[in-house]
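# Descriptive structure summary
Residues per chain are reported as follows:
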Amino acid sequence: MKDFKNKVVVITGGATGIGKAMADRFGAEGARVVIAARREERLQEAVAELNSRGVEARYKVCDVSDLGDMRALADFAWEVFGQVDVLVNNAGIAGAPAAVVDATPDAYRRVFDVNIFGMLNGIWAFGNRMIAQGTPAMILNVSSETGLYVPGPMMGGYSASKHAVRAISEALRLELPEHLQVGVIYPGIVQSELGGSPEMTSIGMPTDDFVNIIWPQIENGEFHIVSHPWAKDYAAENAAEIDRAFDRYAPHFEGDQKYDSKWLANQAFGRS
Ligand SMILES: NC(=O)c1ccc[n+]([C@@H]2O[C@H](COP(=O)([O-])OP(=O)(O)OC[C@H]3O[C@@H](n4cnc5c(N)ncnc54)[C@H](O)[C@@H]3O)[C@@H](O)[C@H]2O)c1
């Protein structure tokens, strides 16, 4: 999708950070924008700023972890603008860093509720309506480079949630009709308010530079949308380690096709 003029773009977590920078860019390209998050005053500020630059923008207060809120957001977008062409499931939280053995179930659940169920609620509230609309459309899910590999200790919950965003996006791409594309975005550290940490607003890639890198990939309808070069090295290290394990303990052998799980799964679920 190259032309966003008059397209309608809904962005969760769109009042700050990456979501706001994407709202700015979609708006600058002529799109009409709906941003959604929990804090009304931040949404009002962001919409006022977008409006002052001539962008037709509206907001809706919503908690992405609540399916009812996401359905109300979809109703709002269709009522106000009559269509939705792009959904960006961007809202996310970092959660408190904790070793897996020490983390509390509630802390993991909250991260999964926002980062995984928040995205799923977006897909459930908008997906079938975007399919029924029948026009070219796009769902962009914001994962993280920690959805490609685990960067270090203390980030198990967040990283697991972002791996799930990638896996669900991959499943979605196999299932959706051609007119509804999926993309998954893997930011490395970008200046934002993530985790409420003051350091995060000053280290990492400035949001506008980040959006400039991902923009052509969005226009070209890429599935894997990348930005931070070192992520490639760490993902490759992971793949190489898995390769070594297979080469040593489970190499191919004559007749191993009967254990090809991907082929078997596709036979079972009618896809090839
Ligand atoms: N900044 C980074 O370094 C980085 C790196 C990788 C991935 N990401 C991902 O990018 C996305 C955007 O984060 P950001 O870095 O711009 O941080 P941010 O904190 O500035 O933005 C996240 C937004 O999501 C909103 N939000 C959080 N929980 C919500 C909920 N339950 N319902 C509705 N809105 C909610 C917040 O209010 C905020 O506006 C997140 O999914 C994050 O995990 C960020």
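Residues numbered from 1 in each chain as written. Predicted model: local features only at pLDDT ≥ 70, side-chain atom pairs only at ≥ 80, totals over all residues. Heavy atoms only, no water.

The protein chain is annotated in an unreviewed UniProt entry as NADP-dependent 3-hydroxy acid dehydrogenase YdfG of Vannielia litorea. In UniProt, the protein chain has this text filed under Sequence similarities (unreviewed entry): "Belongs to the short-chain dehydrogenases/reductases (SDR) family." (UniProt positions renumbered as here; feature names shortened; annotations may be inferred.)

## Examining the UniProt feature "domain: Ketoreductase" (unreviewed entry) in the protein chain
Those residues carrying the UniProt feature "domain: Ketoreductase" (unreviewed entry) are residues 7-188 in this numbering. Between the first and last C-alpha atoms of residues 7-188 the distance is 28 Å; the span itself is 49% helix and 18% strand. (Helix = DSSP H or I, 4+ residues; strand = E, 2+ residues; numbered from the N terminus.)

## Overview of the site of the ligand
Not every one of the 29 residues close to the ligand is listed here, only the nearest: Ile18, Asn90, Tyr158, Val190 and Ser192. Contacts to the ligand include Val190, whose backbone N or O atom sits 2.8 Å from an oxygen atom. The fraction of the free accessible surface of the ligand (820 Å²) that becomes covered by protein chains is 97%. Of all elements in the fold, only helix H1 (17-28), helix H4 (105-133) and helix H5 (156-175) reach the threshold of two or more residues within the shell around the ligand. (Near = heavy atom within 4 Å. Polar contact = N/O pair within 3.5 Å; in protein donor to acceptor, adjacent residues only side chain to side chain. Areas by Shrake-Rupley, 256 points an atom, 1.4 Å probe, with all protein chains shown as cover.)

## Here's the deal with the domain arrangement of the protein chain
According to the domain assignment, the protein chain consists of domain 1 (8-228) and domain 2 (230-272). Averaged C-alpha coordinates put domain 1 and domain 2 at centres separated by 30 Å. Across the contact, six residues belong to domain 1 and seven residues belong to domain 2. When the two sides are added together, the surface that domain 1 and domain 2 hide from each other amounts to roughly 500 Å², 56% of it contributed by carbon and sulfur. Seen at the junction of domain 1 and domain 2, the total is three residue pairs in polar contact (both at pLDDT 80 or more). The residue inventory of the side of domain 1 that touches domain 2, partitioned by class, reads three nonpolar, one polar and two charged. (Domains from an automatic or database assignment. Contact = heavy atoms within 4.5 Å. Buried area = accessible area lost by both parts, 1.4 Å probe. Nonpolar A, V, L, I, M, F, W, Y, C, P; charged D, E, K, R; others polar.)

## Observations regarding the packing of H4 against H5
Running from N to C, H4 and H5 cross one another at 20°; their axes reach a closest spacing of 9 Å. As the angle between them shows, H4 and H5 are arranged roughly parallel. The interaxial crossing formed by H4 with H5 has right-handed handedness. Between H4, through Tyr108, Val111, Phe112, Asn115, Ile116, Met119, Leu120 and Ile123, and H5, the contact on the second element is made entirely by Gly156, Gly157, Tyr158, Ala160, Ser161, Lys162, Ala164, Val165, Ile168, Ser169 and Leu172. (Axes fitted to C-alpha atoms, helices over the stretch in contact; angles between N-to-C directions. Parallel < 35°, antiparallel > 145°, perpendicular 65-115°, else oblique. Left-handed = near helix turned anticlockwise from the far one by under 90°.)

## Observations concerning the pairing of strand E2 (residues 32-37)
Of all six residues in E2, six are buried; the element is thus mostly enclosed. A two-sided burial pattern is seen for E2, the buried positions comprising Arg32, Val34 and Ala36 on one face and Val33, Ile35 and Ala37 on the other. Sheet analysis places strand E1 (residues 8-12) next to E2, joined by five bridges and oriented parallel. Across the sheet, Thr12 pairs through a bridge with Ala36, a residue of E2. Of the crossover connections in this fold, the one passing from E1 over H1 to the parallel E2 is right-handed. Relative to strand E3 (residues 57-61), E2 runs parallel, the two sharing five bridges. Bridge pairing in E3 places Val33 opposite Ala57. (Buried < 20%, exposed > 50% of the residue type's maximum accessible area, 1.4 Å probe, protein only. Pairing = 2+ DSSP bridges. Right-handed = clockwise from strand over helix to strand, strands pointing away.)

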